[in-house]
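# Topology and contacts: notes
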Amino acid sequence: MNIKITKYYYGDIPEETTSSPSSKPNTVDLGWPLWEVFIRSKQGLDHKHAGSLHAADAAMAIENARDVYTRRQEGISIWVIESKHIHASNPDDATMFYEPSADKIYRHPTFYDLPDEIKHM
Amino acid sequence: MFLQEAEKTFQEKIDSEIKIEPKDWMPEAFRKTNLRQISQHAHSEIVGMLPEGNWISRAPSLKRKAILIAKVQDEAGHGLYLYSAAETLGMSREQMVADLNSGKAKYSSIFNYPTLTWADMGAVGWLVDGAAILNQVMLCRTSYGPYARAMVRICKEESFHQRQGFEILLILSKGSKAQREMCQDAINRWWWPSLMMFGPKDSESTNSDQSIKWKIKRKTNDELRQQFVDMIAEQIKLLGMTLPDKDLKWNDKTKHYDFGEINWDEFWNVVKGNGPCNKDRLIARNKAHDEGAWVREAAIAFAEKRKSNINTKAA
Amino acid sequence: MINQKTINATLHLADTTLILAQKNSEWCAHGPILEQDIAITNITLDLIGQSRMFYQYAAELINEVENKNETEDTLAYFRSEREFKNFLIAELPNGDWAQTILRQFFFSCFHQLLFEKLQHIEDKQISAIAVKSLKEINYHVKWSSEWVIRLGDGTLESHSRMVKAIEILWPYTGEFFNAEENDLIEVKKIKSNWIQKIEAVFFEANLLIPGNVFMQTGGKQGIHTEHLGYILTEMQSLQRAYPGLEW
């Protein structure tokens with residue numbers, strides 16, 4: 001067998017660039033939209049991002065989330081939102097967005113020196 | 001100039017164990033390698049449902065049937081998490097599925113072996129999942145955030161898979177003569193393919209270790225394989241069975257088990273599509289996908305209709 | 001007082017849920033999309049869970065009366081075609097997704113009404129199983145109703161597939177309401193509620209209930225379609241080949 005050995009890690013098999021073994025044309029159909037799923041794991045906690053999935057509409061997305069993400073009692077409440085509606089901050093802005101708060105240490109309770117007699121404040 | 005700067009910052013992040021997130025800048029090759037690896041991992045979960053699904057209808061007790069179904073279903077879930085992680089790198093799931101179905105994309109060759117007896121459900125759980133788990137535990141710390149998070153979730157769920165496999169074999173190993181033979185036979189057939197799962201030997205590769213440098217991978221193929229052999233060689237004692245390798249023995253110097261040479265010719269042949277089940281697996285995936293097309297279309301058409309109904313009502 | 005009636009009724013509930021689970025499980029790894037593969041498999045697991053509870057109870061009753069050693073597995077794996085008491089609709093081939101979800105819809109709507117009654121019967125075991133199972137069944141009704149509506153009112157193709165599925169399955173729904181001596185409730189009494197539910201969903205789905213159709217029966221008496229023999233042969237093969245072993 002004539003095989004060129006390239007670096008091949010477990011779980012990452014090199015793909016040939018030549019013809020594929022199947023003659024089937026590589027067709028892609030119109031998929032269901034992508035949704036982000038948020039789950040409240042128990043009463044009193046925030047909804048937390050659990051992952052994403054595909055669904056044709058919101059009702060189906062909620063049910064799919066129930067079937068996919070709560071198989072082991074992970075949640076009691078589900079939010080879904082179509083992924084395209086999520087706007088995210090730009091990582092390039094990270095410095096100006098987040099670093100200026102680094103020196104506002106007076107926002108943290110530990111900044112204040114209080115006499116030991118005051119136990120809880 | 002910018003590129004060099006960006007690559008340097010990127011590598012610094014990796015070196016200080018900061019995860020890379022979807023919107024962060026990343027070298028094109030990093031994106032591609034992750035995309036290829038994550039999607040292959042997803043495909044492996046999906047194709048991996050077939051050999052085990054093969055025994056759902058014949059599971060020998062209702063309890064075993066329920067466990068097996070839950071396990072195969074978990075694999076669907078894991079495929080789904082992984083496809084989602086891969087989608088953050090800019091390829092749609094439909095495209096990935098199309099690549100799998102056309103034969104362009106790869107998946108783990110282990111699933112091109114047939115499941116011939118019930119004992120295979122045990123051997124697959126113990127050996128195949130056992131091998132996969134070593135990889136997956138390592139990947140929980142991989143440098144691409146969405147992949148690492150998917151792996152954490154998967155590892156949590158996966159923990160019962162290997163145990164149920166071992167339990168199946170344990171019961172067979174204590175059973176009748178026929179059951180013990182079935183058990184040994186399954187181990188014989190699955191042992192070498194499981195070792196092959198870890199990929200070619202480190203010494204056979206010529207490329208630089210880019211995946212290690214980028215912390216996509218944290219262990220080499222041989223390291224993982226050795227870890228696996230050491231683990232299984234101990235566990236098999238509890239089954240009172242043997243591994244089909246006359247060269248397998250404890251090496252007091254290395255503190256590891258030595259083992260025999262893998263049949264690399266077989267390995268490459270299965271990768272190339274000549275395994276016993278390569279064709280069947282693709283046929284099954286294509287059939288499910290093609291026969292599901294009208295269902296997916298109808299759901300979209302229905303959703304559109306309802307949306308426009310609401311719009312006309314509102315107007 | 002334990003009687004054969006309760007045993008037969010329990011076995012009927014166990015057999016129907018098991019055979020339907022066996023058929024639905026064929027979708028596992030072959031569904032139209034991953035999310036729905038997972039969804040229908042959840043229903044399959046619910047059904048197996050229900051069937052196991054009924055088999056365990058039936059085994060308990062039989063062992064008490066006949067001094068035997070039946071278990072959930074001996075009842076599921078060592079009874080033959082004529083002994084199985086499941087509804088015929090459960091053993092029909094899956095057909096396409098339309099046929100599968102329509103069968104689930106017909107059956108789950110019936111199951112919901114049945115179990116609402118079973119919750120209140122005297123037999124504590126069965127009523128407890130009914131209470132537990134209803135939570136699952138309510139979801140099955142919701143999920144399958146939505147699919148009926150989605151496909152009925154989806155594309156031309158999905159609509160015509162639903163129409164065909166109704167043609168195939170409707171003749172097997174009459175059996176739900178065929179009174180029999182072993183019945184735990186008066187099944188005739190829930191028929192109109194069932195029809196109402198079907199009509200309401202069909203209305204939204206643009207589908208129609210067929211007119212006068214001859215109804216197939218026989219499941220509860222062990223007179224089955226030809227499909228059941230193959231289902232049991234496959235399902236029971238290991239236990240039959242190696243009887244009396246632990247797995």
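Up top is the structure these notes are about.
This structure is a prediction, so every number in the text was calculated from the model and none was measured.

### Notes on the packing of aromatic side chains
For any two aromatic rings, the description comes down to two numbers: the centre-to-centre distance and the angle of the planes. The final tally for this structure, using the stated rule, is 36 aromatic pairs over all chains. Residues Phe 10 of chain B and Trp 214 of chain B carry aromatic rings whose centres are separated by 6.3 Å and whose planes lie at 85 degrees to one another, so their mutual orientation is edge-to-face. Separated by 204 residues along the polypeptide, Phe 10 of chain B in helix H1 (residues 2-15) and Trp 214 of chain B in the loop between helix H8 (210-213) and helix H9 (221-239) bring together distant segments of the chain. Residue classification places Phe 10 of chain B among the buried residues on the basis of a relative accessible area of 3%. Ring centres 5.2 Å apart and planes at 70 degrees place the aromatic pair Trp 250 of chain B and Tyr 257 of chain B in the edge-to-face group. Under the relative-accessibility criterion, Trp 250 of chain B is labelled partly exposed at 42%. An aromatic cluster of three or more residues is present, and its members are Phe 87, Phe 105, Phe 106, Phe 107, Phe 110, Trp 170, Phe 176, Phe 177, Trp 194 and Phe 202 of chain C.

### A closer look at the layout of surface pockets
Of the pockets and cavities examined, the largest pocket occupies roughly 1700 Å³. The wall of the largest pocket is formed by 50 residues, among which His 49 of chain A together with Glu 21, Pro 22, Pro 146 and Arg 149 of chain B lie closest to the centre. If you list the elements that add at least two residues to the lining of the largest pocket, you get strand E1 (34-40), strand E2 (47-54) and helix H2 (94-98) of chain A together with H1, helix H3 (62-87) and helix H6 (145-173) of chain B. If you tally residues by element for the lining of the largest pocket, the top one is H6 of chain B, at seven residues. Among the residues making up the lining of the largest pocket, the classes are represented as 21 nonpolar, 11 polar and 18 charged.

### A closer look at the interface of chain C and chain A
Interface extent is often summarised as the accessible area lost during association of the parts. Every contact between the two is made by 12 residues of chain C and, on the other side, 11 residues of chain A. Carbon and sulfur atoms supply 53% of the area buried between chain C and chain A, which totals about 1100 Å² over both sides. Taken together, the links from chain C to chain A amount to one salt bridge. Residue Glu 63 of chain A is joined to Lys 142 of chain C by a salt bridge in which the shortest nitrogen-to-oxygen separation is 3.5 Å.

### So, the environment of Asn 182 of chain C
All names here are of chain C. Here Asn 182 is to be found in the loop between helix H7 (156-169) and helix H8 (191-205). Separated by 173 residues in sequence, Asn 182 and Ala 9 place their C-alpha atoms 5.5 Å apart. Excluding residues within four positions of it along the chain, Asn 182 makes contact with Lys 5, Asn 8 and Ala 9.

### Some remarks on helix H1 (residues 4-24) of chain C
Relative to the 30 Å expected for 21 residues at 1.5 Å per residue, H1 of chain C spans 30 Å between its end C-alpha atoms, a close match to the ideal helical length. By the criterion of burial, H1 of chain C is predominantly enclosed, with 19 of the 21 residues buried.

### Quick notes on the packing of helix H5 (residues 97-118) of chain C against H7 of chain C
Residues and elements named next belong to chain C. Where H5 meets H7, the axes come as close as 9 Å, and the angle between the chain directions of the two elements is 55 degrees. Relative to H7, the element H5 is oriented oblique. The crossing of H5 and H7 is right-handed. Residues Ala 98, Gln 99, Ile 101, Leu 102, Arg 103 and Phe 106 of H5 form the contact with H7, whose own contacting residues are Arg 161, Met 162, Ala 165, Ile 166, Ile 168 and Leu 169. Of the residues contributing to the contact of H5 with H7, the split by class is nine nonpolar, one polar and two charged.

### Quick word on the interface of chain A and chain B
Contacts between the two partners involve 41 residues from chain A, matched on the other side by 64 residues from chain B. Summed over both partners, the interface of chain A with chain B comes to about 4700 Å²; 55% of that surface belongs to carbon and sulfur atoms. Here Arg 71 of chain A and Asp 74 of chain B are joined by a salt bridge, their closest N and O atoms 2.7 Å apart. Taken together, the connections running from chain A to chain B amount to seven residue pairs in polar contact (both at pLDDT 80 or more). Listing elements by their share of the side of chain A that touches chain B, those giving two or more residues are E2 and helix H1 (58-69) of chain A. Looking at the side of chain A that touches chain B element by element, the count peaks at four residues for E2 of chain A. The residue makeup of the side of chain A that touches chain B, split by class, is 22 nonpolar, nine polar and 10 charged.

Cut-off values and rules
Position numbers for residues start from 1 in each chain and track the written sequence from start to end. A letter from A marks each chain and a number from 1 marks each ligand, given out in the order of writing. pLDDT decides what is reported in this predicted model: residues at 70 or higher carry local features, side-chain atom pairs at 80 or more are listed and counted, and totals for whole chains, interfaces and linings draw on all residues regardless. Hydrogens and water molecules were not included; the side-chain quantities draw on all heavy atoms of the structure. Ring pairs are drawn from Phe, Tyr and Trp, using the six-membered ring of Trp, whenever the two centres fall within 6.5 Å, and their geometry is named by plane angle: stacked under 30 degrees, edge-to-face over 60, tilted for the rest. Put simply, DSSP marks the helices as runs of H or I at least four residues long and the strands as runs of E at least two long, and each gets a number from the N terminus on. Relative accessibility decides the category of a residue: with a 1.4 Å probe and only protein chains considered, values under 20% of the type maximum give buried, values over 50% give exposed, and everything between is partly exposed. Detection works on a 1 Å grid of protein atoms alone, calling trapped sets that fit a 1.4 Å probe cavities and calling open sets with protein on both sides within 12 Å along at least five of seven lines pockets, with lining residues defined by an atom within 4 Å of a point. Grid points are joined across faces, edges and corners, and a volume is the space filled by probe spheres set on the points. Gly counts as polar in this scheme, as do all residues outside two lists: the nonpolar Ala, Val, Leu, Ile, Met, Phe, Trp, Tyr, Cys and Pro, and the charged Asp, Glu, Lys and Arg. Whether two residues touch is decided by their heavy atoms; if any such pair falls within 4.5 Å, the residues are in contact. In short, buried area is how much 1.4 Å probe accessible area vanishes from two parts on joining, totalled over both. Definition used for salt bridges: Asp or Glu carboxyl oxygen within 4 Å of a side-chain nitrogen of Lys or Arg. Helix span, as expected, comes to 1.5 Å for every residue beyond the first. For helices, the fitted line uses only the C-alpha atoms of the stretch in contact; every axis is such a line through C-alpha atoms, and the angle between N-to-C directions lies from 0 to 180 degrees. Comment on the angle field: the value is read as roughly parallel under 35 degrees, roughly antiparallel over 145, roughly perpendicular from 65 to 115, and oblique elsewhere. Note on convention: the crossing is left-handed when the near helix lies turned anticlockwise from the far helix by less than a right angle, right-handed when the turn is clockwise. The term polar contact refers here to a pair of N or O atoms within 3.5 Å; inside protein, the definition further demands a hydrogen-donor-capable atom paired with an acceptor-capable atom, and it admits residues adjacent in sequence only when both atoms are side-chain atoms.

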